[in-house]
Amino acid sequence: MKTMLRAAVAGVSLLLGVGTALAEGELQIYNWGNYTSPELVKKFEEKYKVKVSITDYDSNDTALAKVRAGGTGFDIAIPSGNFLPVWISEGLILEARPDQMENFKNLREDFVNPPFDPGRHYSVPWLWGTYGVAVNTKHYSGDIDTWKVIFDPPDELKGKINIVPEMGDAIYAAMTYTGGTYCSGDKEMLKKARDVLLAAKPHWMSMEYATQEPMVKGDMLATSDWNGSVLRQRLVNPDIRYGFPREGTFIWQDTVVILKEAKNVENAKLFINFIMDPENAAMNSAFARYANAINGSEPFMPEDMKGAPELGLPDFMKGKTIFSVACPPDVVELYTKIWTDVMK
Amino acid sequence: MSDATRIAENARRADIRNRWWLTAPALFILFVAAIGPLLVVLLYSFMLKGDFGDVKYGQFSLDGWFSVFFERDIFDDTVGIAEAHVSILWRSVKLSLITTLLTLFIGFPTAYYISIQEPRRRDLLVFMVTIPFWTNILIRTFAMQEVVRNEGVINTLLVWSGIVDRPIQIMYTDWAIFFGMVYVYLPLMVLPLYASMEKIDFRLVEAGYDLYAGRFQVLRRVIIPLVKPGIVAGSILVFIPSLGAYVTPRVLGGGKNLMLGNLIDLQFGQGKNWPLGSALSITLLVIVTVALLFYVRNASKSGGGHGH
């Protein structure tokens, strides 16, 4: 009865928006779904007496469209780095100068000067990762460090392969596999990539975002995927391994920015500084299972993530990765046509 | 003009005025919630596409409409029919037709069974048909995954009973899509069918038998003509949402082959081509309207005259 009463009181106070009666302010975060550590948020709320609310989105395109329409009430958004130039050029982001914040010194050196935000005047990394392949090694013990697993698969995997239907990523993989340059509109390169996709499609079982369940249960034996997602799979099913495609892959990162229309700019700045603290960055990683870019966070990471093979980059990948970029509009149009052709 | 006619005239005017006032809220909602957004979509389809989604406001262009029907081959630059769009459209139409037929075949006997029960039992059965509506379609579709998965209910039963010795792949195939679509849309077929059947005067069926009609003849010559409005209504209710179905093919079909709904989604999302997406949406709308008009007209033509 007592718990029921407490639940009722909590419910009512939530409805009235007075959950933290002592709140000195608010912070509205617009982030990818299931990507914000509740512990991290709680710690921030308690430390600064700020009430945080989180709204989810499911794609960069959705986020951009909504923020562009304006009047969202969000203070912070977390778009992918490759989308950042669009956000900046359309004047959606405040030049908050995170590079002058106290905890900025913790940022890993290779993340200080990304092509999309040199010197970090607008953004700091939230989490980052790589794109590669996941394979159930119980069914296939051959070489998995290659895009070949997806595009020219061994017999053991045929018919049980998935590719994540992220258009840009899939075409990137196909172009890298055929020796092309990403974002190139070169017809020869595009043709090769398209032919590879078309030839591989009959061997695929599905084009799905939700890989966790089917991979773990063995319905799916191989998929293109992001490293943190594969880490989650391996923790449940130890047969699953992450392959780093030696033909090349990209490093993506999601970045924290303050919107120009933000009403709680000071709280937003506090939050950005807060997540560059090693202990807090580790909390973030522990929840989403992706690596952060903060030096000194390793000791605070959960045991099963310390030294996880998925999270780093092996030596043979040196010089074979690029930072993910957004392709120019005319190239995107070509990609959409190829993609429609593949999926028709 | 005599007083009587003037009073009558005034009353008539007042009546018209009142009617306008009374329909105003409905008209308002219709415009704001249905026609307004559609006009926006229509406008967008005639604008130039923005670089990263959105449109360039006020810049007129027919590119969106052009690419609905034609495509410039990106490799040899020749212009031809947009074959990809046509095959995606055809796949959606095919899927909707099959779904409609399957729900009709399953829904007809179901509705008939319900309508011949005693009234209290009948109410309970109708109530049970509506139960799936209590849950969101997305959740029901994900639940369906558990049924058709390799280690799901169907495969476990098949393997356990020895019919197959290893699970058969249903998930991510067209079978899974049909399975899901029929499950989701079946109530929309059963309810209108039941509404028509409930009104059948079963003495007509008896009369049919008395006149030496066989079971099949009674079904074909007596029952089906009587429930025709229900068949038409049910088919429309199933066919139209199936045409734009998005969730079920996406979740159960594994997304390897685009449906019309997914193609439109691609243009607004990763394709960043809103005018094309808008034009495709309007095209879908037009197809649905034409099919509907055709269907309703045909139905009313052959439906009348019977049983009167």
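Fair warning: this is a prediction, and the values are worked out from it, not measured in the lab. (Residues numbered from 1 in each chain as written. Chains lettered and ligands numbered in written order. Predicted model: local features only at pLDDT ≥ 70, side-chain atom pairs only at ≥ 80, totals over all residues. Heavy atoms only, no water.)

Count 3.6 residues to each turn of an α-helix, and residues three or four apart come out pointing the same way. All names here are of chain A. With seven of its ten residues buried, helix H9 (residues 227-236) lies for the most part within the structure. Three or more residues of H9 are buried, namely Asn227, Gly228, Ser229, Val230, Leu231, Gln233 and Arg234. Looking at the buried residues of H9, the elements they touch are strand S4 (124-136), helix H8 (212-217), strand S7 (222-226), strand S8 (240-243) and strand S9 (249-258). (Buried < 20%, exposed > 50% of the residue type's maximum accessible area, 1.4 Å probe, protein only. Helix = DSSP H or I, 4+ residues; strand = E, 2+ residues; numbered from the N terminus. Contact = heavy atoms within 4.5 Å.)

The next thing to look at is the layout of surface pockets. Roughly 650 Å³ of volume is contained in the second largest pocket. Residue lining of the second largest pocket: 34 residues in total, with A:Glu333, A:Lys337, B:Ser67, B:Glu71 and B:Leu276 positioned closest to the centre. With eight residues, helix H12 (residues 329-343) of chain A is the single largest residue contributor to the lining of the second largest pocket. Taken together, the residues of the lining of the second largest pocket sort by class into twelve nonpolar, nine polar and 13 charged. (1 Å grid on protein atoms, 1.4 Å probe; cavity = no way out; pocket = protein on both sides within 12 Å on 5 of 7 lines; lining within 4 Å. Points joined across faces, edges and corners; volume = space filled by probe spheres on them. Nonpolar A, V, L, I, M, F, W, Y, C, P; charged D, E, K, R; others polar.)

Right, let's talk about the domain arrangement of chain A for a bit. Residue and element names in this part refer to chain A. Parsing chain A into structural domains produces domain 1 (21-128 + 252-305) and domain 2 (129-251 + 315-343). Centre-to-centre, using C-alpha coordinates, domain 1 lies 28 Å away from domain 2. In this complex, domain 1 contributes 15 residues to the contact, which on the side of domain 2 involves 15 residues. For the pair domain 1 and domain 2, the two sides together bury roughly 1,300 Å², of which 61% comes from carbon and sulfur. (Domains from an automatic or database assignment. Buried area = accessible area lost by both parts, 1.4 Å probe.)

Here we come to the side chain of A:Asn284. All names here are of chain A. Among the structural elements, Asn284 can be located in helix H11 (residues 278-288). Residue class for Asn284 comes out buried when judged on its relative accessible area of 3%. Contact partners of Asn284, with chain neighbours within four places excluded, come to Tyr35, Ser37, Leu40, Trp126 and Leu127.

Taken as a whole, helix H1 (residues 3-45) of chain B carries its principal kink of about 40° at B:Ala24; the proline B:Pro25 stands between one and four residues after it. Within the span of H1(B), buried status applies to B:Gly36, B:Tyr44 and B:Ser45. (Bend = angle between axes of the 7 residues up to and from the residue.)

Residues and elements named next belong to chain B. Across the interface, helix H3 (residues 83-115) lies against helix H4 (residues 119-130) with an axial gap of 8 Å and an inter-helix angle of 150°. When H3 is examined against H4, the residues Tyr113, Ile114 and Ser115 are found in contact with a partner set consisting of Arg121, Arg122, Leu125, Val126 and Val129. Counted by class, the contact of H3 with H4 contains five nonpolar, one polar and two charged residues. (Axes fitted to C-alpha atoms, helices over the stretch in contact; angles between N-to-C directions.)

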